[in-house]
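Architecture and fold: a report
Here is how the chains run, residue by residue.
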Amino acid sequence: GKYDEAKPYYQRALVIVEQTYGPNHPLVANALNNLAGSLADQGKFDEAKELYGRALRIREKNLGSKHPDVATTLHNLASLYLAQVPC
């Protein structure tokens, strides 16, 4: 894919939702998840882990630990770790 072309759009979306709703809004977590997924697909695991972690903290704080969106972020983090295991 054209990750380098997509990244600025993900980053712009993140800035917009942060400025509109504040840094701890669930929509910020959505934008973080999207950017992290793109980074993970590129093998940038450390960057992706940091963003997924922030998304998880936002979602748990705002939605509770049993919310389906929290489960989605947990799944994404687990997938990230599995992608780093050598075959």
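As shown above, the structure is provided for reference.
Bear in mind the structure is a predicted one, so any value in this text is a computation, not a measurement. Note that residues are indexed from 1 along each chain, following the sequence as it is written. Selection of residues for local features in this predicted model requires a pLDDT of at least 70, selection of side-chain atom pairs for listing and counting requires 80 or more, and totals for whole chains, interfaces and linings are taken over all residues. In computing side-chain properties, one takes all heavy atoms of the structure into account and sets aside hydrogens as well as water.

Topic: the packing of helix α3 (residues 45-63) against helix α4 (residues 68-83)
Where we set the bar: Between the N-to-C directions of two axes lies an angle of 0 to 180 degrees, each axis being a line fitted to C-alpha atoms and, for a helix, fitted only over the stretch in contact. Think of it this way: any DSSP run of H or I at least four residues long counts as a helix, any run of E at least two long counts as a strand, and we number them from the N terminus. Roughly parallel covers angles under 35 degrees, roughly antiparallel covers those over 145, roughly perpendicular covers 65 to 115, and oblique covers all other angles. Left-handed describes a crossing in which the near helix is turned anticlockwise from the far one by less than a right angle; the clockwise case is right-handed. In what follows, residue pairs with any heavy atoms lying within 4.5 Å of each other are defined as contacts.
Between α3 and α4, the least distance of the axes is 9 Å, while the angle of their chain directions is 160°. With respect to each other, α3 and α4 are oriented roughly antiparallel. Like other packed secondary-structure pairs, α3 and α4 cross with a definite hand, here left-handed. Contacts between α3 and α4 involve F45, A48, K49, Y52, A55, L56, R59, E60 and L63 on the former and, on the latter, D69, V70, T72, T73, L74, N76, L77, L80, Y81 and A83.

Side note on helix α2 (residues 26-41)
So the rule is basically this: How far a helix is expected to stretch is found by multiplying one less than its residue total by 1.5 Å.
Taking 1.5 Å of rise per residue, the 16 residues of α2 would be expected to cover 22 Å, and the 23 Å separating its terminal C-alpha atoms lies within 8% of that figure. Where α2 is buried, its residues meet α1 (3-21), α3 and α4. Just downstream of α2 lies G43, where phi reads positive at about 85°.

Observations regarding the side chain of S38
Residue placement: S38 occurs in helix α2. Apart from the residues lying within four places of it in its own chain, the contact partners of S38 are Y3 and Y10.

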